[in-house]
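Close look at the chain arrangement
Spelled out from the first residue to the last, the chains are:
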Amino acid sequence: MAEIQKYFEQFHGIIKLNRFDENAELREKRDIVTDKLRAGLKKQFEDKDESCPKFDWFNQGSYEYDTGIQPSLKGDFDIDVGIRFHLDKNKNKPVEVKEWVYEALRNHTNKVEVCRPCVTVFYQKNNESLYHVDLAIYCQIESSCPNYLALGKSGSKPENKVWEDADPDGLKNYIKDRFSEDDKLQFKRVVRYIKRWRDVNFPSDGQAAPISIGLTLAACNWGIPKKNWEGKYNDCEALLNLTESMISSFSYRYSEADQSSANRLEIKLPVKPYQDVFKRMSNKQMETFKDKLLLLKNALQEAKTIADPHDACKILKKYFGDDFPVPSKTQAAQKTNSPGILNSGDSA
Amino acid sequence: MLSPELIDTTHDKIANVIHAKSGIRGHVTIAGLHGNISIYLPTDFPASKPVVCLDKYDSFGFVPHVDMKGEVCFCHSDNILLDRYNPEGIVQSALTMAMQTIEKGIKGENTDDFLKEFDHYWISQNHIRRAISLIDINSHPRNIYYQEDNGLLYVSDSNVAVNKAIKPKPLLSGLYLPLNDSFTVSPPRFNTSWEASYLKTLYNSLNHNKQKKLRKYLSEKAGKESLLVFSFSRPSEGKGSLGIYYKNTPVVKDTIPSCYTPVSLEREDPQHLLARGGGHKSLQGKKVALIGCGAVGGHIAFELLRCGIHQLLLVDHDKLCCENRYRHVCGHASDDYKVDVIKREIAAKYKISEKIIVEKARVQDALKKKPEIITNNDLIIVAIGDPTTSLWLNEKVFNERKKWPPVLYTWLDPLSIGGHALLTNNKGSKGCFECLFYRGTDEAPYNRASFVMPNQNFTKSLAGCASMFIPYSSMDALRTAEMASRLAIDTLLGKEHHSPLLSWKGDSTEIRDNGFLLSSRYNLSQDALFDSRYEYRFEHCRICSK
């Protein structure tokens, strides 16, 4: 097996989105957005002469789980924020609440959109998206009561405008507690690798690419920590193990989106509403997903059997993109710099 | 028990012998036979079991498990727990068990037990002689040898003096005859010898060939002294043996002369003693070369020996010095070569020194001089703790791997942090000592099996360069030797089919307290270390993957 862990870790260093570096700007934007929201709502309700609904906010998504990656060429940075209104779902309609948020923020940047699961605030430069803040809108009467997520937008069919059961805290705890200490670091690395693989190998628009939470949960389900015989983490093996598990978990299932059955990978949320996170992918997209996983699996298998790290990393680069480092050809002569007499603790 | 009465322990013979503090005697009926039975309570009762006795050993007929003075052996003290809070229960159980034992004897249900206890009856004969036996109790009739010293006989398969200390005494020939397995030998009753009629039966049970050998031997020895050793089968207990000695062998026809002196054989043959120590008979023909006879190697030599490997080549150029005293299995008495000291100790303790070869040389020189004395073994164990020489040897082995037997490397980590054993060249499997050091990276080589981070200096010096050493204790060496020896045995018995790397890990306090760093391998659990024992193999190793 080629000694390629070093290059996986270098790759990770390149793609990792650090919570306190690159994200500082996002954090700042998040804080501005929540302040704007608070001020905007206050004004809206004062104008209507009604009492302003209270809310709290929390981080969610890869920012919260610390599994964020640098966007590849195709994408932009994002940060997911949960906005939780303290109100009764029976007295307020989900789209109406999302409209409050939209109204409060719509003049904040050039582009604010209400999407099915959230409200998105885009930050642009020369009409190009730099980053965006996704606001998922929840309601909860009071703490310790269930959370509900506002789905739908104006124009959606009535059955899609609903308060859906949700448990953002439960999900956060599940992911954060799944592994501990150094195993957790490998878990995060593996999630980042597979997310970058997804970014490189799938179109960024539409439903073709498997969503991040799906890949994160897959790593929670099957990402058994892998170490080599020296006790050192072996990310290639861990990623291979995850890929193989995902492939073998494809089974013949019914797709509501396609109204027909096909070979699909189902990954259910471990909390309410316990639904399949990949349910919006079509059967055709699932087929592509599996094909690409098979190619990834073969590449990982091949990489681990190749002697020279240069050749192994060249193969991996095809699947993980240009950020994957490729060392120069190993040459025996390279050792001339290392000492020829070394200490040894062995005795008999 | 009917008509029980207290025993007057001050005037009772048995009570005095066993120091009984009290006892009770009564009448019992067992399987229709009537007799008295006595139960004595020893002074430390209930910490010791009661003694149950019959008036005479044959009060209920000649039955097994009753000794000459009538004591019934109803259970073995090693295998029981006495409930000291229930002394009445102990007495009741003792009586019940003793009566059951006698009942089985009366009904003939435990006749085989006579054979288990044959020696017990045999030694009760008058004028019994003692002998130390080194002969292999097997199924081959053959001539054997014996020597006498101070009334004690030494019996051996070898015509080399059995006990070198008694050279002046002549070495005489005896005859070993295994009785047929189908023949059940009956022990003589206490204090009596076999009668002529029984000896005739014994003779008749022998097949024609054995009878012929016996006749020939006895006629050769007519008028002179002679020794016959018979072996017999014991159900589930292996073979038993007995000796018959004639001071003046009489001339008789078609029987075994009855004027014999019984000989009790104390078996000291390795087959018998090894079986008692859990050794393997099949290892006796195996040959092992042990390169490095220091703290680890020294222990390995003795462990292999105790497992039944009696053909050893010991290679070491070092002498024992006083600094070895508390680390070496032999301690230190004089500044002799380690190999000589080990050989001497083997000779003194195990009486098998003739197959121990020593080579006072470095392995490099020994190999140059006579490579075949090293390669011509079933296993080579390298316990030199020197990675440079071990890597050199490893390359040599894999250059001509078919010529070499499996090679097992074993070494210690410093400061009680662990020990390792790596088997290589076993049954064509890959994985070698080089795989631990060179893995196709641009890193400087280091032993990746180690539990400490590379390139730390652990050597200590008590008095300058000449006395540099790496700190570890004798117990670390022993633990490593034990692990390596088990792997060696598994290899020789064909139980290990691949080339594992085995490691034990110890407490890390000393390492940490001294500011040294542990390797990531140390953090693997003992189970994970074992589960990954074959994974160290480097597929592109330039030595074993050529």
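Residues numbered from 1 in each chain as written. Chains lettered and ligands numbered in written order. Predicted model: local features only at pLDDT ≥ 70, side-chain atom pairs only at ≥ 80, totals over all residues. Heavy atoms only, no water.

A few words on the nonpolar core. Residues and elements named next belong to chain A. If you look at the biggest cluster of nonpolar residues, it comprises 54 residues, and the most contacted ones within it are Met246, Phe289 and Phe320. Taken together, the elements giving at least two residues each to this core come down to helix 1 (5-15), helix 5 (168-177), helix 6 (181-201), helix 7 (212-222), helix 8 (235-248), helix 9 (283-305) and helix 10 (309-320). Other than its neighbours up to four places away in sequence, Phe320 contacts Phe11, Tyr193, Arg196, Trp197, Val200, Leu239, Leu296 and Leu300. (Core = buried A, V, L, I, M, F, W, Y, C linked by side-chain atoms within 4.5 Å. Buried < 20%, exposed > 50% of the residue type's maximum accessible area, 1.4 Å probe, protein only. Helix = DSSP H or I, 4+ residues; strand = E, 2+ residues; numbered from the N terminus. Contact = heavy atoms within 4.5 Å.)

This next bit is on the interface of chain A and chain B. Taken together, the contact between chain A and chain B spans 23 residues of the former and 43 residues of the latter. Summed over both sides, the interface of chain A with chain B buries roughly 2,700 Å², with 51% coming from carbon and sulfur. For chain A, the biggest contributors to the area lost against chain B are A:Trp229, A:Asp346 and A:Ala348; these three give 32% of the whole. At the boundary of chain A and chain B, one finds two salt bridges. (Buried area = accessible area lost by both parts, 1.4 Å probe. Salt bridge = Lys/Arg side-chain N within 4 Å of Asp/Glu carboxyl O.)

So, about the sheet that holds strand 20 (residues 501-505) of chain B. In sheet architecture, strand pairing relies on hydrogen bonds along the backbone and comes in two forms, parallel and antiparallel. All names here are of chain B. With respect to topology, seven strands assemble into an open sheet ordered 14-13-12-15-16-17-20, the strand pairing being mixed. The open sheet terminates on both sides in strands that have one partner only, identified here as strand 14 (356-359) and strand 20. Between one strand axis and the next, the sheet turns by 15° as a mean value, whatever way the strands run. Of the strand pairs in this sheet, strand 15 (residues 379-382) and strand 16 (residues 407-412) are connected by three bridges, and their pairing is parallel. (Pairing = 2+ DSSP bridges. Axes fitted to C-alpha atoms, helices over the stretch in contact; angles between N-to-C directions.)

Turning our attention to the side chain of B:Glu496. Residue and element names in this part refer to chain B. Relative to the helices and strands, Glu496 resides in the loop between helix 13 (474-492) and strand 20. Here Glu496 is buried and forms no salt bridge, its nearest opposite-charge partner Arg533 lying at an N-O distance of 5.0 Å. Within the local environment of Glu496, its side chain forms a polar contact with the backbone nitrogen of His498, the two atoms lying 3.0 Å apart. (Lys, Arg positive; Asp, Glu negative; His and termini not counted. Polar contact = N/O pair within 3.5 Å; in protein donor to acceptor, adjacent residues only side chain to side chain.)

Summary statistics for chain B give a mean pLDDT of 91 and a share of 96% for residues scoring 70 or more. The complex prediction reports pTM at 0.80, with the ipTM value standing at 0.75. (pLDDT = per-residue confidence, 0-100.)

A word on the packing of aromatic side chains. Under the defined criterion, the tally for this structure stands at 37 aromatic pairs over all chains. When the centroid spacing of 5.2 Å and the interplanar angle of 40° are considered together, the rings of A:Phe179 and A:Phe187 count as tilted. On the basis of relative accessible area, A:Phe179 is assigned to the buried category, the value being 9%. One aromatic cluster in this structure is built from B:Phe118, B:Trp122, B:Trp194, B:Tyr198, B:Phe232 and B:Tyr260. In this arrangement the basic side chain of B:Lys49 is found over the ring face of B:Phe74, its NZ or CZ atom lying 5.4 Å from the centre. (Phe/Tyr/Trp six-rings, centres within 6.5 Å; stacked < 30°, edge-to-face > 60°. Lys NZ or Arg CZ within 6 Å of the ring centre and 35° of its normal.)

What follows deals with the environment of A:Ser328. The topology assignment puts A:Ser328 in the segment after helix 10. Once the C-alpha coordinates of A:Ser328 and A:Lys188 are considered, the two residues, 140 residues apart in sequence, prove to be 28 Å apart.

Turning next to the pairing of strand 13 (residues 311-315) of chain B. All names here are of chain B. A large share of strand 13 lies buried, amounting to four of its five residues. Note that strand 12 (residues 287-291) and strand 13 share five bridges and pair parallel. Of the residues in strand 13, the one forming a bridge with Val288 is Leu312. Once the chain exits strand 12 it traverses helix 8 (residues 295-307) before rejoining the sheet at strand 13, and the crossover so formed is right-handed. Sheet topology note: the strand 13/strand 14 ladder contains four bridges and is parallel. Bridge pairing in strand 14 places Val315 opposite Glu359. (Right-handed = clockwise from strand over helix to strand, strands pointing away.)

The subject of this paragraph is the pattern of salt bridges. Tallied over the full model, the rule gives 44 salt bridges over all chains. Residue A:Asp199 is joined to A:Arg198 by a salt bridge in which the shortest nitrogen-to-oxygen separation is 2.7 Å. With a relative accessible area of 18%, A:Asp199 lands in the buried category. Residue A:Arg198 is classed as buried on the basis of its relative accessible area of 9%. Between A:Glu266 and A:Arg253 there is a salt bridge; the shortest N-O distance is 3.3 Å. Within this pair, whereas A:Glu266 is found in the loop between strand 9 (260-264) and helix 9, its partner A:Arg253 is found in strand 8 (residues 251-255), the two being separated by 13 residues in sequence. The exposure class of A:Arg253 is partly exposed, given its relative accessible area of 28%. Overlapping salt bridges, with partners in common, bring together A:Glu230, A:Lys232, B:Glu443 and B:Arg448 in one network.

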